[in-house]
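Commentary on secondary and tertiary structure
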Amino acid sequence: MRIGIVGLGLMGTALARCLASRGFELVVYNRTLSRAENLCRELGCVVATTPRGVAEACRAVILFVSDDEAVHQVALGRGGVAEAPGRVTVINMSTITPMESLRLYEGLQRRGKAYLEAPVYGSVDAAEGCRLLTMAAGPREVFEDAKGVLEAFSSELMYLGDVPRASVLKLALNNIGLALPAILGESLALLKAWGVEIEILRSVARKLWFGEAVERYWDRALGEAGSVRFRLALAAKDMHYVARALRERGVPAHVSSAIADLYTAAAASGYGDKDYPVAVQHLLRLAGGGSRAGL
Ligand SMILES: NC(=O)c1ccc[n+]([C@@H]2O[C@H](COP(=O)([O-])OP(=O)(O)OC[C@H]3O[C@@H](n4cnc5c(N)ncnc54)[C@H](OP(=O)(O)O)[C@@H]3O)[C@@H](O)[C@H]2O)c1
């Protein structure tokens, strides 16, 4: 079966590797064309020069781009998927606001295209290994039609009903998962600011119920775990989206907006393209002493 992918960042590239390993023929687009060309040299896929070109070649197109604006652009903008003639199913896997997902659903429907939101939990390793937790929402028949592709890259697949239920659940999960490094960072900054060695927290936390969570992020946060899995700039975006989606329904966003501001500040101070738990280092720098070497 042939499938289109628009967006070959960390996740789109990993997903392409998974689907190629499962025998799918791929037609891909990336705004920075060289990324698509390099990947297709490796995987033997076909490069399109616009999202529309991908949709002209495939019945189903996955969108895996950074945010609301990017998704809107590749779906409904100039040269977007919606410009392709005929019926196409658009599967959005990017993390976006529920409001934007509804706009996409309505905009694509007006252009005769089917829409499914399919945000995922799990990062680059899970995507490449076809082990994503996938939350899908949209018309039941569109879900059934796309199920074969979704199952190919998922270890868990759930159907949640109408758009934007999956987008809401994805943001609710990220709100919890992304909060932990922010809280860890503040606790470490507190220790640092008062001259207490941060390693003490790690060793005591091991004896407590949240020790596993601290352990999970420690090396990633302090810059010893290597590769980037989720860019801090995108974590900031997700937390702003949580806050925006709460306020859209008149609910205060005390926690998410504070963490969004922290991640935005850390991204602005040079950590934006790094793995998001390094926001901890931004706080440690403010507490005095700088990187791990100076702790
Ligand atoms: N990384 C994770 O662990 C993870 C897990 C679950 C969900 N997500 C979500 O999945 C999405 C992709 O994440 P990622 O980690 O792959 O991000 P990434 O590595 O930063 O890649 C972003 C992709 O979006 C493209 N893009 C950005 N703005 C665009 C625009 N205006 N028009 C067209 N393309 C545009 C980029 O193209 P260029 O190459 O030209 O810049 C790139 O292909 C995000 O919504 C993220 O929140 C990420």
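Residue numbers restart at each chain and count upward from 1, following the sequence in its written direction. Local features in this predicted model are restricted to residues whose pLDDT is 70 or higher, and side-chain atom pairs enter the listing and the counts only when it is 80 or higher, whereas totals over whole chains, interfaces and linings include all residues. In computing side-chain properties, one takes all heavy atoms of the structure into account and sets aside hydrogens as well as water.

**Concerning the overall build of the protein chain**
Note the cut-off: Secondary structure elements are taken from DSSP: a helix is a run of H or I of four residues or more, a strand is a run of E of two residues or more, and numbering for both begins at the N terminus. Our radius of gyration is a C-alpha quantity, and the globule rule it is checked against amounts to 2.2 Å times the number of residues to the power 0.38. Buried means the residue's accessible area, taken with a 1.4 Å probe over protein chains only, is under 20% of the maximum for its type, while exposed means over 50%, and partly exposed covers the values in between. By the convention used here, residues are in contact when the closest approach between their heavy atoms is within 4.5 Å. For accessible areas, the Shrake-Rupley method is used with a probe of radius 1.4 Å. Any residue's cover is judged against the shown protein chains and nothing else. The positive count covers Lys and Arg only, the negative count covers Asp and Glu only, and His and the chain ends enter neither. A single reference atom marks each charge: NZ on Lys, CZ on Arg, CG on Asp, CD on Glu.
Scanning the protein chain for helices and strands turns up 14 helices and 9 strands. Taken over the C-alpha trace, the protein chain has a radius of gyration of 20 Å; the compact-globule value for 295 residues is 19 Å, and the two agree within 12%. With the C-alpha coordinates aligned to their principal axes, the bounding extent of the protein chain is approximately 65 × 45 × 35 Å. Buried residues in the protein chain amount to 52% of all 295 residues. Residue pairs in contact within the protein chain that sit at least 24 positions apart in sequence constitute 65% of those at least 6 positions apart. Surface accessibility of the protein chain: about 13,700 Å² in total, with carbon and sulfur atoms responsible for 52%. Of note, the protein chain has its 34 positive side-chain charges centred 2 Å away from the centre of its 31 negative side-chain charges.

**Section: the pattern of salt bridges**
As a reminder, the rule being used: By convention in these notes, a salt bridge is any Lys or Arg side-chain nitrogen within 4 Å of a carboxyl oxygen on Asp or Glu.
One pass over the structure, following the stated rule, counts 13 salt bridges. The shortest N-O distance in the salt bridge between Glu 215 and Arg 202 comes to 2.7 Å. With Glu 215 in helix α11 (residues 211-221) and Arg 202 in helix α10 (residues 199-205), this residue pair connects regions lying 13 residues apart in the sequence. Looking at Glu 215, the relative accessible area reads 29%, which means it is partly exposed. The class for Arg 202 is buried, based on a relative accessible area of 14%. Here Asp 275 ties to Arg 220 by a salt bridge, and the two come within 2.6 Å at their closest N and O atoms. Placement of Asp 275 in the loop between α13 (254-271) and α14 (279-286) and of Arg 220 in helix α11 is noted, with a sequence separation of 55 residues between them. A relative accessible area of 6% places Asp 275 in the buried class.

**Details of the confidence of the model for the protein chain**
Quick note on the threshold: pLDDT is a residue-level measure of predictor confidence that goes from 0 to 100.
Confidence in the prediction for the protein chain averages 96 pLDDT; 97% of positions are at 70 or higher. Confidence drops under pLDDT 50 across residues 290-295; counting only partners more than four residues distant or on other chains, this segment forms 13 contacts.

**Quick look at the packing of helix α1 (residues 10-21) against helix α7 (residues 140-153)**
Threshold: Lines fitted to C-alpha atoms define the axes here, with helix axes fitted over just the stretch in contact, and angles between the N-to-C directions of these axes take values from 0 to 180 degrees. Roughly parallel covers angles under 35 degrees, roughly antiparallel covers those over 145, roughly perpendicular covers 65 to 115, and oblique covers all other angles. Classification convention: Asp, Glu, Lys, Arg as charged; Ala, Val, Leu, Ile, Met, Phe, Trp, Tyr, Cys, Pro as nonpolar; all other residues, Gly among them, as polar.
At their nearest, the axes of α1 and α7 sit 9 Å apart, and the two run at 105 degrees to each other. The orientation of α1 with respect to α7, classified from their angle, is roughly perpendicular. Where α1 abuts α7, its residues Leu 15, Cys 18 and Leu 19 lie against Val 149, Ala 152 and Phe 153. Tallied by class, residues from the contact of α1 with α7 come to 6 nonpolar, no polar and no charged.

**Side note on the domain arrangement of the protein chain**
For clarity, the cut-off: Annotation comment: domain bounds sourced from an automatic or database domain assignment. Buried area is calculated as the accessible area (1.4 Å probe) missing from two parts once they are joined, with the contributions of both summed.
One can read the domain layout of the protein chain as domain 1 (2-163) and domain 2 (178-288). In this assembly, 12 residues from domain 1 lie in contact with 10 residues from domain 2. Taken over both partners, the interface formed by domain 1 and domain 2 buries close to 870 Å², and the fraction arising from carbon and sulfur atoms is 65%. At the junction of domain 1 with domain 2, the criterion picks out 0 salt bridges. At the level of secondary structure, the elements contributing two or more residues to the side of domain 1 that touches domain 2 comprise α4 (68-76) and α5 (98-110).

**A closer look at unusual backbone geometry**
With an omega dihedral of 10 degrees, the bond running from Val 163 to Pro 164 counts as a cis peptide bond. Mapped onto the elements, Pro 164 comes out in the loop between β9 (154-159) and α8 (165-177). The phi dihedral of Cys 130 is positive, around 60 degrees, even though this residue is not glycine. On the basis of relative accessible area, Cys 130 is assigned to the buried category, the value being 7%.

**Examining α5**
What counts is decided by this rule: One less than the residue count of a helix, multiplied by 1.5 Å, gives the span that helix is expected to have.
Helix length check: α5 (13 residues) gives 18 Å between terminal C-alpha atoms against 18 Å at 1.5 Å per residue, within 8%. Inspection of α5 places Pro 98, Met 99, Glu 100, Ser 101, Leu 104, Gly 107 and Leu 108 among the buried residues, and these make up the whole buried set. For α5, the elements touching its buried residues are α4, β5 (89-92), β6 (114-117), α8 and α12 (232-248). The positive-phi residue at the C-terminal boundary of α5 is Gly 112, with phi of around 75 degrees.

**Section: the pairing of β5**
Threshold: Criterion used throughout: strands pair if DSSP finds at least two bridges between them. A clockwise path from the first strand over the helix to the second, with the strands pointing away from the viewer, defines a right-handed crossover.
Side chains of β5 alternate between two faces, with Thr 89 and Ile 91 and Val 90 and Asn 92 buried alike. In this structure, strand β4 (residues 60-63) lies alongside β5, joined through 4 bridges in parallel fashion. Among the inter-strand pairings, Ile 62 is bridged to a residue of β5, identified as Ile 91. Between the parallel elements β4 and β5, the chain passes through α4 in a crossover that is right-handed. Pairing analysis gives 4 bridges linking β5 to β6, with the strands arranged parallel.

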